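# Chain and residue survey
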Amino acid sequence: MAKKVSRIGVLTSGGDAPGMNAAIRAVVRTGIYHGLEVYGVMRGYQGMIEEDIVRMEGRSVANIIQRGGTILKTARCKDFYEVEGRKKAYANLRKKGIDGLVIIGGDGSFRGAVAFSQEFDIPCIGIAGTIDKDIYGSDFTIGFDTAVNTAIQAIDKIRDTMDAHDRIFIIEVMGRDAGYIALHSGIATGAENILIPERKTNIKDIIESLQEKERRKKLVNLIVVAEGDDFGGAYEIQKILQENLPKAEIRVAILGHIQRGGSPSAIDRLIASRMGYHAVECLMEGRHNVFVGILNNKMHYIPLEKAVKNKGNIGGEWMKIVKILAS
Ligand code: F6P
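Conventions we followed
Counting restarts for each chain: residues are numbered from 1 in the order of the written sequence. For this predicted model, a pLDDT threshold of at least 70 governs which residues receive local features, and a threshold of 80 or more governs which side-chain atom pairs are given and counted, while totals over whole chains, interfaces and linings are taken from all residues. As a rule here, side-chain values cover all heavy atoms of the structure and leave hydrogens and water aside. Helix numbers and strand numbers start at the N terminus; a helix is a DSSP run of H or I with at least 4 residues, a strand a run of E with at least 2. Working rule for helices: expected span equals 1.5 Å times residues minus one. Think of it in three bands: residues with accessible area under 20% of the maximum for their type are buried, residues over 50% are exposed, and the middle band is partly exposed, with areas taken using a 1.4 Å probe on protein chains only. The cutoff for a nearby residue is simple: one of its non-hydrogen atoms must lie within 4 Å of the molecule or strand. Any pair of nitrogen or oxygen atoms within 3.5 Å is treated as a polar contact; in protein, a donor-acceptor pairing is required on top of that, and neighbouring residues in sequence qualify only through side-chain atoms on both sides. Surface exposure here means Shrake-Rupley accessible area, sampled with a 1.4 Å probe, where a residue is shielded only by the protein chains that are shown. Three residue categories are used. Nonpolar comprises Ala, Val, Leu, Ile, Met, Phe, Trp, Tyr, Cys and Pro, charged comprises Asp, Glu, Lys and Arg, and polar comprises the others, including Gly. Source of the domain bounds: an automatic or database domain assignment. Put simply, two rings from Phe, Tyr or Trp (the six-membered ring, in Trp's case) pair if the centres are within 6.5 Å, and we call them stacked under 30 degrees between planes, edge-to-face over 60, tilted for the rest. Consider the ring centre and the ring normal. A charge sits over the ring if Lys NZ or Arg CZ is within 6 Å of that centre and within 35 degrees of that normal. Any pair of residues with heavy atoms lying within 4.5 Å of one another is described as a contacting pair. In this analysis, strands are considered paired if DSSP registers two or more bridges between them. The axes used here are C-alpha line fits, helices contributing only the stretch in contact, and every angle between their N-to-C directions lies in the interval 0 to 180 degrees. Salt bridges are defined by distance alone: a side-chain nitrogen of Lys or Arg within 4 Å of a carboxyl oxygen of Asp or Glu. Residues enter patches when they are more than 30% accessible in relative terms and free of salt bridges; like-charged ones are connected within 9 Å and nonpolar ones (Val, Leu, Ile, Met, Phe, Trp, Tyr) within 5 Å.

## Some words on helix α4 (residues 107-119)
With 13 residues, α4 ought to run about 18 Å at 1.5 Å a step, and its terminal C-alpha atoms sit 19 Å apart, in line with that. Those residues of α4 that fall on the buried side of the exposure criterion are Ser 109, Phe 110, Gly 112, Ala 113, Val 114, Ala 115, Phe 116 and Ser 117.

## Quick word on the site of the ligand
Around the ligand, the neighbouring residues are Gly 15, Arg 76, Ile 131, Asp 132, Met 174, Gly 175, Arg 176, Glu 227, His 257 and Arg 260. Between Arg 76 and the ligand, the recorded distance is 2.8 Å, taken from a side-chain N or O atom to an oxygen atom. In this structure, an oxygen atom belonging to the ligand sits 3.0 Å away from a side-chain N or O atom of His 257. Contact with the protein chains covers 79% of the free accessible surface of the ligand, which is 400 Å². Residues of the shell around the ligand, tallied by class, amount to 2 nonpolar, 3 polar and 5 charged. Mapped onto the domain boundaries, the shell around the ligand takes at least three residues apiece from domain 1 (7-143 + 264-309) and domain 2 (145-260).

## Re the packing of aromatic side chains
Inspection of every chain in the model, using the stated rule, returns 6 aromatic pairs. With 5.4 Å between their ring centres and 55 degrees between their planes, Phe 116 and Phe 120 make a pair best called tilted. Comparing Phe 116 with Phe 120, the two get one shared label, buried. Put simply, the rings of Tyr 45, Phe 80, Tyr 90, Phe 116 and Phe 120 pair up and form one aromatic cluster. Lys 133 extends its terminal NZ or CZ atom over the ring of Phe 144, reaching a point 5.7 Å from the ring centre.

## Things to note about the environment of Gly 14
Examined against the element boundaries, Gly 14 turns out to sit in the loop between β1 (7-12) and α1 (20-33). Expressed as a C-alpha distance, the spacing of Gly 14 and Ala 62, which sit 48 residues apart in the sequence, is 24 Å. Aside from chain neighbours lying at most four places away, what touches Gly 14 is Thr 74, Ala 75, Arg 76 and Ser 109.

## Notes on the sheet that holds β1
Strand order across the open sheet formed by 7 strands is β3-β2-β1-β4-β5-β10-β11, with mixed pairing between neighbours. Whereas interior strands pair on both sides, the edge strands pair on one side only; in this sheet they are β3 (53-56) and β11 (298-303). Sheet twist, expressed as the mean angle between neighbouring strand axes with direction ignored, is 30 degrees. In the packing of helix α9 (residues 266-284) onto the sheet, contacts are made with β1, β4 (100-105), β5 (124-128), β10 (290-295) and β11, and the angle to β10 comes to roughly 140 degrees.

## So, the environment of Ile 32
Relative to the helices and strands, Ile 32 is located in helix α1. With 26 residues separating them along the chain, Ile 32 and Gly 58 place their C-alpha atoms 7.2 Å apart. Excluding anything up to four places from it in sequence, Ile 32 contacts Val 38, Met 56, Glu 57 and Gly 58.

## A word on the pairing of β4
Regular strands place side chains that alternate from one sheet face to the opposite one. By the criterion of burial, β4 is predominantly enclosed, with 6 of the 6 residues buried. Taken together, the 5 bridges between β1 and β4 define a ladder with parallel strand orientation. When the bridges of β4 are listed, Gly 9 appears paired with Leu 101. One ladder, built from 5 bridges, connects β4 with β5; its direction is parallel.

## As for the pattern of salt bridges
Charged atoms that come close allow side chains of opposite charge to pair. All told, the structure shown has 19 salt bridges when counted by the stated rule. Across the salt bridge formed by Arg 7 and Glu 37, the nearest N and O atoms sit 3.0 Å from each other. Residue Arg 7 is located in strand β1, and its partner Glu 37 is located in strand β2 (residues 37-41); the two are separated by 30 residues in the primary sequence. For Glu 37, a relative accessible area of 23% gives the class partly exposed. Between Glu 208 and Lys 204 there is a salt bridge; the shortest N-O distance is 3.8 Å. On the criterion of helical spacing, the pair formed by Glu 208 and Lys 204 is a turn pair, its members being 4 residues apart in helix α7 (residues 203-215). On the basis of relative accessible area, Lys 204 is assigned to the exposed category, the value being 56%.

## Here we look at a nonpolar patch on the surface
Taken together, the side chains of Trp 318, Ile 321, Ile 324 and Leu 325 define a hydrophobic patch exposed on the protein surface, amounting to about 400 Å² of accessible area. Within the element layout of this structure, Ile 324 appears in helix α11 (residues 316-325). Residue classification places Ile 324 among the exposed residues on the basis of a relative accessible area of 52%.

Printed below as a string of structure tokens:
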């Protein structure tokens, strides 16, 4: 028999992502609808350890659906890697009588949830909130769509000046371990090359194709690189390209944290609302230690352990599309 939850906590952890506020709102309001007491844990796992936990009401989440960032704030909490930290966190939850937890975050936050739920008797439900989309088992993660759209807007602007000057541009987007932002924003802006951590970068091929283009007087070339690409970041690539194409004008733009901010897109608000609602339903149904994902537009409950053990895969066909469309 599933234990009935009566007081739940919600937190955001790791890198923030546009749409986290919409997810918090959905958790709080669905919880209240079911007659639960809902608590917001500030700064992710850090607030659990430091007992920075506040009661949430329906009105605490008014007027936030359209806001980027997270009203609960977030942190990458080193103390939670240690069992001592997790013990303190559990004791604080017990003190408040919290008997269910919703964790909105990415891969690292889910790892923390796995350890915590294995050590202590508290159901943890994850909501995939990360601009990187690096969570196995969901077509969407909260924030990804907004981040890609932010990157597209910036790249389109850079393309105007790149084209006017006949330059090669290397644009670095976020993604330490995952190339989805690079892949999606690169395809959507017609990039000639997209470099991602999931696939080995063949710099020799890129150099040869640029040299061949230079001979044809096609001097404009857009390269989108994920920050975690195996060859290194945009500046390393610029250096080697410049050595091999001394006449080319090669410029770098690093988009950085601009990709993490801003008002969430319609898709991000929608999936955040659905995931938040279903996370509370999960707790009500007695599910534990799963995350709420969306596959083929249906909700799926995937064990957190499975999510952290598996990696997403960007297949070779994507790269074929990039090559054909940019030729
Ligand atoms: O949240 C994911 C992410 O934006 C990665 O793409 C990036 O590598 C990392 O966070 C940057 O983290 P920080 O904000 O700590 O610099």
